[in-house]
Amino acid sequence: MRLVLDREQRAFAASLEALLAGADTPSVVREWSLGEHGSGRALWGRLAAAGVFALAAPEEYDGVGVRPVELAVAFLALGRHAVPGPLVETVTAAVLLPVPDLVKRLVSGEVMATMAYDSPYALDGDAADLRLVLTAEGLHHATGHGPVRPSLDPARRLTALAPDELLTAAPSIEQALLLARLTTAAQALGVGLALLDRTVSYVQQRTQFGAPIGAFQAVKHQLADAKVALEFARPLVFAAALTLDPADVAAAKVTACEAAYTTARTALQLHGAIGYTAEYDLSLWLTKARALRTAWGSPQACRDAVLNAADGPHW
């Protein structure tokens, strides 16, 4: 399998990178974590205009059809820049919702959606315009939300949702959950790559014993291990985007999230005491790597999905 992005996909990635590079996302994240959503909503609108949410909606709903590879490209960039908000949840809602007008408003960025699934808590229920609860009975609308609770990642604020009106009793749940897990994997990969880039830059500046610590063999080995883990995860993420096979997606999710988490631990160790401070921008990626590790499927749940697929019939 040759996993190389085509010209249009590379152009899309470059345009998103340019958009996010000029957005000062650390400031956006810090405001978001305080419940101030103005700059985050403005960035959300620019992402919608760039076509990010259209990648999960059918053409008759103003989308371009479900494009898993392009979604992986987009969410890698979103993770690299630590963009806040219920990004995965909005994409999932675009797949699940049976209401054309709502999906069109999601695609345009006018409406931001969040969703509770397998937990009473949803991400950013205070910021979302549309709150959904996915249960065994179907997809429900939630009219309000509980108190805002902090999470490990300050930019991921949690609120309890209670199911209310039933929107559909038979949503296309399998594809939606696969896309949620895939986009989480791509986001985690982007987080890990950002952590690695920032750490490589830092070890070239910090000195001990009269030399940059990046010149020390032990530091090189740690960074090389992180690089190998992330580059091993990258083709798994894009292969899963091509196949959308549940086992492939689960393998991509656990591999990318574990690689990002390992890179976060390496970054924290090599930065030393400054890495522990919330005021230092590195913390925005460190906490996100930990939070994404269990979002939309714990490491054990993903490993079980891979092993269960491997235990199928043998001829």
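In this text, all values refer to a predicted model and were calculated from it rather than measured experimentally.

Novice: Would you explain the overall build of the chain in this entry?
Specialist: Across its full length, the chain holds 11 helices and eight strands. The C-alpha radius of gyration of the chain comes to 19 Å, within 12% of the 20 Å expected for a compact globule of 315 residues. Here the C-alpha coordinates of the chain stretch approximately 65 × 60 × 35 Å along the principal axes. Looking at the chain as a whole, 51% of its 315 residues qualify as buried.

Novice: How should the pattern of salt bridges be read in this particular structure?
Specialist: Where charged atoms from two side chains of opposite charge come close, those side chains can pair. Per the stated rule, a full pass over the model turns up 10 salt bridges. Across the pair D281 and R30 runs a salt bridge whose closest N-O atoms are separated by 2.8 Å. Linking D281 in the loop between helix 9 (246-271) and helix 10 (282-292) with R30 in helix 2 (residues 25-33), this pair joins segments that are 251 residues apart in sequence. Look at R30 and you get partly exposed, because its relative accessible area is 27%.

Novice: How should the pairing of strand 3 (residues 130-135) be read in this particular structure?
Specialist: Side-chain positions along a regular strand alternate between the two faces of the sheet. Burial runs high along strand 3: five of the six residues are buried. Bridge count between strand 3 and strand 4 (residues 138-141): four bridges; the pairing is antiparallel. For L132, the partnering residue across the bridge sits in strand 4 and is H141. Count of turn residues in the strand 3/strand 4 antiparallel hairpin: two residues.

Novice: Would you explain the sheet that holds strand 6 (residues 166-168) in this entry?
Specialist: Taken together, the four strands give an open sheet; going across it, the order is 1-3-4-6, and neighbouring strands pair in mixed fashion. A strand with exactly one partner marks an edge of an open sheet, and here the two such strands are strand 1 (113-117) and strand 6. In this sheet, adjacent strand axes meet at a mean angle of 35 degrees when their direction is disregarded. Running over the sheet, helix 5 (residues 87-96) touches strand 1, strand 3, strand 4 and strand 6 and is turned about 85 degrees from strand 1.

Novice: Help me understand helix 10 in this model?
Specialist: The α-helix winds at 3.6 residues per turn, so residues separated by three or four positions along the chain end up facing the same way. Here helix 10 lies mainly inside the structure; 10 of its 11 residues are buried. Among all positions of helix 10, only L282, S283, L284, W285, L286, T287, K288, A289, A291 and L292 are buried. The elements touched by buried residues of helix 10 are helix 2, helix 4 (68-80), helix 7 (173-203) and helix 9.

Novice: What is the right way to read the packing of helix 9 against helix 10 from this model?
Specialist: To characterise two packed helices, one gives the angle between the axes of the helices and the distance between these axes. Contact pair helix 9 / helix 10: the axes reach a minimum separation of 9 Å and the direction vectors enclose 145 degrees. Crossing of helix 9 against helix 10: the hand is left-handed. Facing helix 9, whose interface residues are K253, C257, A260, Y261, A264, A267, L268 and H271, helix 10 presents L282, L286, A289, R290 and L292. Classifying every residue of the contact of helix 9 with helix 10 gives 10 nonpolar, one polar and two charged.

Reading guide: rules and limits
Residues numbered from 1 in each chain as written. Predicted model: local features only at pLDDT ≥ 70, side-chain atom pairs only at ≥ 80, totals over all residues. Heavy atoms only, no water. Helix = DSSP H or I, 4+ residues; strand = E, 2+ residues; numbered from the N terminus. Rg over C-alpha atoms; globule rule 2.2 N^0.38 Å. Buried < 20%, exposed > 50% of the residue type's maximum accessible area, 1.4 Å probe, protein only. Salt bridge = Lys/Arg side-chain N within 4 Å of Asp/Glu carboxyl O. Pairing = 2+ DSSP bridges. Axes fitted to C-alpha atoms, helices over the stretch in contact; angles between N-to-C directions. Contact = heavy atoms within 4.5 Å. Left-handed = near helix turned anticlockwise from the far one by under 90°. Nonpolar A, V, L, I, M, F, W, Y, C, P; charged D, E, K, R; others polar.

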